[in-house]
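Topology and contacts: notes
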Amino acid sequence: MTKFIIRRVLSLIPTMFIIVTLSFFLIRFAPGGPFSSEKKLPEQVLQNILKKYHMDEPLGKQYLRYMGDILKGDLGPSYRYKDQTVTELIKQTMPNSILLGSIALGLAVFFGVGVGIISALKQNRWQDYMAMSLAVVGISVPLFVIGPILQLVFAMKLHLLPTSGWITGRAGILALIMPAFTLSFPYFAYIARLSRGSVLEVLRSDYIRTARAKGLKESVVVAKHVLKGAMLPVVSYLGPAFAGIITGSVVVETVFVVPGVGKIFVQSALNRDYTLIMGDIIVYSLILVAMNFVVDIVYGFLDPRIAYK
Amino acid sequence: MTDEVILQVKDLKTYFHVDEGIVKAVDGVSFNLRKGETLGIVGESGSGKSVTNLSIINMIPNPPGRIAGGEVLFHGADLLKMPVKDLRSIRGNKISMIFQDPMTSLNPFLRISTQMVETIVLHQGLDKKAAKAKAIEMLKLAGIPAPEKRIDQYPHQFSGGMRQRVMIAMGLSCNPEILIADEPTSALDVTIQAQILDLMKDLTARLGTAVILITHSLGVVAGMCDTLCVMYAGRVVERGATGEIFAEPKHPYTQGLIKSVPRLDQAQGDRLRSIRGQPPNVIDLPDCCPFYPRCDKAMDICKRKYPATTEYGNGRAVSCWLYTEAK
Amino acid sequence: MSPKKNQAVNEFNQQVKPVSLWADAWKRLRKNKMALFGLWVVGIYVTVSLAAPILPLYDFSSQELTHVNLPPSLKPAGQVALQRLQKRIAELEAAGGFREDLKSDLVSAKAEYERLTAEISTKPVHQRVYILGTDYLGRDMLARTIYGGRISIMIGLVGTITAVLIGIVIGSIAGYVGGRTDNFLMRFVDILYGLPYMLVVIILMSLVPEGTNSIVILFVAIAALSWLTIARVVRGQIMSLKNAEFVEAARSMGAGSGRIIFRHLLPNTLGVIIIFATLQLPSFIMNESFLSFLGLGVSAPSASWGTLVSEGVQGMELYPWRLLVPAIAMTLFLFAMNFLGDGLRDALDPQSKNRT
C-alpha cells in the first residue's frame, strides 16, 4: 500500500513536468506579448520592462529560471496586476474557489447518488421518469444559462437571494447557494444517470440473485449488496467531475462575481497575462492530479479485487 | 428417502414478454419431490430448466417474466400465492439455491464471513459470534482447508472449485429441506466437477436434504439422482426413476440424449450419435410437439397438436404421440 | 419450403423475417418517443439553419436605433415603439412636476414622439414585426437567434467531424498496430486527458493574435483536444475485433491491412462512432458557447448562441426576452440532441454496458 502510494506520487512528477514545459513554450512562442496590445510604448521603456521581467534573456535561460522559481513556490510577478505576484493572487482567490467547488461537488454526489438509486429501484415508474427528465435538463442546459436564469428568478423577481457577490459570515451562506447549485447541476445530472445505470446493472448480477435467494429483505439487498459495487463507477467519475467543476467555476464565478481563481483566470486570458495564466494552469493541474490520486486510493479501498502491486 | 412428498409442482407456466412475442420458457411443468430424494432435471440450454427452479421460489424477474399459472406446493402451501414476507423466511432457509457460476454468484465486495453470517443470523436467530462459528463449521464440512482463516477473505482469493464449496456450505448452513443446484459444476474444470458432486451427494445424504439438480449432463444425473425429469422447450417430456429411464427410454428425445453419451464399452470405430438440428427458439411456438423437426419417428399428428401425458404409475410418464391412444 | 424465394422459414414452417442490424436499430429507435421528438427538432433546426438566407428574415446585423430593446410583439415595430414612448411620457409627466432634472427628458421624449409619428407611415422600417423582440442595438432577435444557431451548429458539426476523423485514425492505428506504437499513443492520450480541457482551449484562444478569424481558430482549438475519447473507444473496438474469426478469415484469404481496417474493422465500429458523435455534438456546441459567453469565442459581427446569451445577461432584469430567446432556442436544441443520442445508443447498442 505505502509502496503503491510512493510509486503513484513519483509518477506524478513527469506528468507535471510535461504540463509545465509545454505551457511555458506554448506561451512564449505565441504571437503578441503582454505589452504589445497597449498603446505604443517608447522603445526605451519597453526595453526596461522586458528587462524587469527577464524577457530579454535567451529562452533556455528563461525556462531554467522559471523552473527554479516554481520549485521554490514562486510563480513570478503578474504582468497586469502590478505589485502583486502570481502566488499572492492565487493564494487570495484559491480558498474561495475551493470552497465553492467542494460544496458543488458535495451537492452533486449527494443528490446525484440519491436520485440515481431511487430512479433505478423505481425503474420505469414516474419517479424514474421525473428524475431522468431532470437529469437530461441538467446535461443539456449550459451553466451560463442556468446561472442567469436563477439570478433572474430568485434574486431579481422573488428577492429571495442576493444576485451575486461574496460576503463572509452568515450572509455569505445565502450568497453561496445559487453559485453552488448552478455549478453542481450538470454533475448532479451526470452522477444521477451514472448511478442509476450502475445500480441497474448490479441488480441484474448473479450475486444479487444469490442474495435474494438467501431470503434477505430487499432493503438489505440494496444497502448491503448493491451499493458498494454500484458506487465504483461514481467514484471513478469523481476525477473528471472535479476537472469539470474547475472549468465550470470559471463561468459561475464570472456570472455570480465570485472572487475566485476562475475569474482571475478568464481575466488573465483576456489580458494575456502570461505568468498568471501559467500559474493558474500549474495550480489547476496539481489539484486535478491530486484529486485523481485520491480517487484511485478510495477506489482501492472499495474494491477488494484491486491489489496495490 | 421416504414417500412423503414435500414439494409438488403442478402445471407451472412461466412466460416472458419480449418485443418479438411471448416466450413460453416453462409451459405446464409438473413433478413431485419427496423427502431426501435427489431429482435431476435434464435438458439442453434454453429448455426451461433454470426458469422452472427460479419460479419455484418465485424469483422470476418481472417484467419481462411472469408466472402465468400453476401451483408450487411446499408442505401443502402454495409458494406462488404466499406473501413475500413468508416466502423470504423459506428462501435460503427451507429451500436454498446454488448457482452455475461460482465466480459471479458470490458478492465480490464482501468477505465470505459477512455473506455466510448474514444468512445464518437471519434464519437461525443466532448472534453473530455463534453464526460465525457455525459458518466455519460448514466450511470445514465443505472441505475448505483452514476455514478459520479463509472465512475472512474475499471471493476473489478463492479458486472456482473452492468458491463452489463455499456456495454449498452457505446453501446448507441453515439445514434446508430442499437444495436446488442449478448446473453447479458446468463452470468448473472436469477434475473438480467430480469432487464437487461427491461433496454434494455426501453432505445432502448426511443432512437428509432433498436435492433438485439441474444439469445438461446425463453423466452427472446417472451418478447422483434417484428420479429424473427430461425437459424440452419448456415442457417435461419424460420422467421416472433414473434406472428405469436409462434402461428403457421411451421418448425419442430421451433416447437420442442417452445415445449421444459416449460410452467406454462402445466398439471402436462406432460413430458417436447426435441429435440433428438445434433446440427451437420458443417464441410463439405453434401447437405441436416442439421436437418433431428433429425427431426420426415424427408423424403427421406431431405437427398439429401437443401430445397428452401418458402415465405408467410409480412416477413414470411420457408425453409423446407414440404412446398415446388417440392417434 | 415456402413458395416465395426470399422468405426464410424456421423448422415449424413459420416465416422468419431477415432483419439487418440497421433495420432493427431503426425499429427500436421508432419506438422511442423522446428520440423521435429529438430527431424532429434537430431536423427542423437544421432545415431552418440551411434555409436562413432565403427565409423572410430581417438582416441580423442591421441596427435600428428607434427600435432598441423592443419586447416581443405581433404589432408593427413603429406602433410598439410609439406606445412605449407614450407610456414614458405619461410617467415623466406624473413625476415631472416636482423634479427639474426630468424636464429635459420629457422634452426629448416628446420630440422623439413627434418625429416618430411623422415618419411612421413613410418609413417602411417601422412596418417590421419583431415577434421575438429586439436587442440593445435594435436588431431582430429572431434573425439573430437563427443566424447564431447556424454558427453554433456549424461549429458543432465541423468540430465533431474533425474530432471523429482524428480519433478514428489515431484509435485504429493504436488498436491495429498495437505494441509500442499503441503504448506511446495511449500514454500521450492519457496525459492530454489529465489536462482541464476547456482551460487549455481558453489559453489557446488567448494566444491567438487579435483580428484573426476567431471561428476557424475555435474549430481547431476545440477539435484538436476532443478526439481523445473517440480514439480510446475506436482503439478498444478494433482491439477486440482484430482477432475475431471473420478478420482471421479475411486475412487468410490475403486481404491487406488497409482492406481489413476499412472493409472489416471500421464498419463494425460504426455504431459506436455514430452514438459517440451524436453525444459529442451538443458538448461541442456547449463548449463553443461557453467560450463565446466569456468573450473568448466568436467575435462581432458574427454571433453564436453563446454570444447572444452573454449579451442577454446584460440588462436581463428589464429586457428578459434578450436572455430567454437565445437561451431557450439553444437549450431546446441541446435537449433534442441528447434525446436523439440516448435513443441511438439504446437502438444501436442495446447491450451497452455504459448506459447511463
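1. As for the overall build of chain B
Of regular secondary structure, chain B possesses eleven helices and twelve strands. Whereas a compact globule of 327 residues would reach a radius of gyration of roughly 20 Å, chain B reaches 21 Å, a difference of no more than 12%. Considering only C-alpha atoms, chain B reaches an extent of 65 × 55 × 40 Å along its principal axes. Here chain B holds 327 residues, and 53% of them are scored as buried. Taking contacts inside chain B between residues at least 6 apart in sequence as the whole, the part at least 24 apart equals 62%.

2. Structural notes on the environment of F301(A)
On the secondary structure map, F301(A) appears in helix α11 (residues 274-302). Once the C-alpha coordinates of F301(A) and E43(A) are considered, the two residues, 258 residues apart in sequence, prove to be 62 Å apart.

3. A short note on the environment of V325(C)
Its place among the elements puts V325(C) in helix α13 (residues 321-348). Sequence-wise, V325(C) and M141(C) are 184 residues apart; in three dimensions their C-alpha atoms are separated by 7.5 Å.

4. Looking at the sheet that holds strand β4 (residues 65-74) of chain B
Backbone-to-backbone hydrogen bonds join strands into a sheet, with any given pair of strands oriented parallel or antiparallel. Residues and elements named next belong to chain B. Spatially, β2-β1-β4-β5 is the arrangement adopted by the four strands of the open sheet, whose pairing is antiparallel. Each edge of the open sheet is held by one strand with a lone partner, namely β2 (21-34) and β5 (77-78). With respect to the sheet, helix α1 (residues 49-56) is in contact with β1 (5-18), β2 and β4, its orientation differing from that of β1 by roughly 115°.

5. Points about the packing of helix α4 (residues 86-121) of chain A against α11(A)
Residue and element names in this part refer to chain A. Where α4 contacts α11, the axes come no closer than 11 Å and their chain directions differ by 40°. In terms of orientation, α4 lies oblique with respect to α11. For the element pair α4 and α11, the recorded crossing hand is right-handed. Listed contacts from α11 to V86, L89, I90, M94 and L105 of α4 are T275, L276, G279, D280, V283, I287 and M291. Broken down by class, the residue content of the contact of α4 with α11 amounts to nine nonpolar, two polar and one charged.

6. A look at the pattern of salt bridges
Under the counting rule described, the total for this entry stands at 22 salt bridges over all chains. Notably, a salt bridge pairs E118(B) with K214(A), separated by 3.0 Å at the nearest N-O pair. A residue pair is termed interchain when its members come from two chains, as with E118(B) in helix α4 (residues 112-124) and K214(A) in the loop between α8 (206-213) and α9 (218-255). Side by side, E118(B) and K214(A) carry an identical accessibility label, which is buried. E244(B) is the salt-bridge partner of R316(B), the closest N and O atoms lying 3.9 Å from each other. In this pair, R316(B) is assigned in strand β12 (residues 316-318) and E244(B) in helix α10 (residues 242-247), connecting sequence segments 72 residues apart. What emerges from the salt-bridge pattern is a single network uniting R193(A), D342(C) and R345(C).

7. Here we look at the environment of V45(A)
Residues and elements named next belong to chain A. Tracing the chain through its elements places V45 in helix α2 (residues 43-52). Residue classification places V45 among the partly exposed positions, given a relative accessible area of 35%. Counting along the chain gives 202 residues from V45 to T247, while the straight-line C-alpha distance between them is 37 Å.

8. Side note on the packing of aromatic side chains
Given two aromatic rings, their pairing is described by the distance between the two centres and the angle made by the two planes. Under the defined criterion, the tally for this structure stands at 15 aromatic pairs over all chains. Judged by centre distance (5.2 Å) and plane angle (65°), the rings of Y253(B) and F291(B) are edge-to-face. Highlighted residues: Y253(B) in helix α11 (residues 252-259) and F291(B) in the loop between α11 and β11 (310-313), separated in sequence by 38 residues. The burial state of Y253(B) is the same as that of F291(B); both residues are buried. Ring geometry for W305(C) and F333(C): centres 5.8 Å apart, planes at 55°, overall tilted. Note that W305(C) is positioned in helix α12 (residues 305-313) and F333(C) in helix α13, a separation of 28 residues in sequence. For W305(C), a relative accessible area of 1% corresponds to the buried category. Look at F333(C) and you get buried, because its relative accessible area is 1%. Three or more aromatic residues link up through ring pairs in this structure, and these residues are Y232(B), Y253(B) and F291(B). Across the ring face of F158(B), the terminal group of R150(B) is positioned such that the distance to the ring centre comes to 4.2 Å.

9. Here's the deal with the interface of chain C and chain A
Between chain C and chain A, the contact holds 41 residues from the first and 41 residues from the second. Contact between chain C and chain A buries roughly 3,700 Å² in total, counting both sides, with carbon and sulfur atoms accounting for 77%. Here R193(A) makes a salt bridge to D342(C), at a shortest N to O gap of 3.0 Å. Scanning the region where chain C abuts chain A turns up two residue pairs in polar contact (both at pLDDT 80 or more). Residue assignment for the side of chain C that touches chain A shows that the elements contributing at least two residues are α6 (179-194), α7 (197-207), α11 (257-294), α12 and α13 of chain C. Top contributing element to the side of chain C that touches chain A by residue count: α13(C), with eleven residues. Split by residue class, the side of chain C that touches chain A holds 27 nonpolar, eight polar and six charged.

10. Considerations on the interface of chain B and chain C
Between chain B and chain C, the residue contacts involve eleven residues of the former and four residues of the latter. Here chain B is connected to chain C by zero salt bridges. Here chain B and chain C share zero residue pairs in polar contact (both at pLDDT 80 or more) between them. When grouped by side-chain class, the residues that make up the side of chain B that touches chain C number eight nonpolar, one polar and two charged.

11. Comments concerning the state of the cysteines
Residue and element names in this part refer to chain B. The final tally for this structure, using the stated rule, is zero disulfides over all chains. C289 takes part in no disulfide bond, and the closest cysteine sulfur, belonging to C302, lies 5.8 Å away. Residue C289 is classed as buried on the basis of its relative accessible area, which comes to 10%.

12. Quick notes on the sheet that holds strand β9 (residues 227-232) of chain B
Residue and element names in this part refer to chain B. An order of β6-β7-β8-β3-β9-β10-β12-β11 is seen for the eight strands of this open sheet, with the pairing classed as mixed. The open sheet has two edge strands, β6 (95-98) and β11, and neither has a second partner. Neighbour-to-neighbour, the strand axes of this sheet turn through a mean angle of 20°, independent of strand direction. In terms of strand pairing, strand β3 (residues 38-42) meets strand β8 (residues 210-215) through five bridges, oriented parallel. Looking at the pairing, G40 lines up with L213 of β8. Strands in contact with α1 are β3, β6, β7 (178-182), β8 and β9; relative to β8, the strand with the most contacts, it is inclined by about 145°.

Definitions and limits used
- Residues numbered from 1 in each chain as written.
- Chains lettered and ligands numbered in written order.
- Predicted model: local features only at pLDDT ≥ 70, side-chain atom pairs only at ≥ 80, totals over all residues.
- Heavy atoms only, no water.
- Helix = DSSP H or I, 4+ residues; strand = E, 2+ residues; numbered from the N terminus.
- Rg over C-alpha atoms; globule rule 2.2 N^0.38 Å.
- Buried < 20%, exposed > 50% of the residue type's maximum accessible area, 1.4 Å probe, protein only.
- Contact = heavy atoms within 4.5 Å.
- Pairing = 2+ DSSP bridges.
- Axes fitted to C-alpha atoms, helices over the stretch in contact; angles between N-to-C directions.
- Parallel < 35°, antiparallel > 145°, perpendicular 65-115°, else oblique.
- Left-handed = near helix turned anticlockwise from the far one by under 90°.
- Nonpolar A, V, L, I, M, F, W, Y, C, P; charged D, E, K, R; others polar.
- Salt bridge = Lys/Arg side-chain N within 4 Å of Asp/Glu carboxyl O.
- Phe/Tyr/Trp six-rings, centres within 6.5 Å; stacked < 30°, edge-to-face > 60°.
- Lys NZ or Arg CZ within 6 Å of the ring centre and 35° of its normal.
- Buried area = accessible area lost by both parts, 1.4 Å probe.
- Polar contact = N/O pair within 3.5 Å; in protein donor to acceptor, adjacent residues only side chain to side chain.
- Disulfide = S-S within 2.5 Å.

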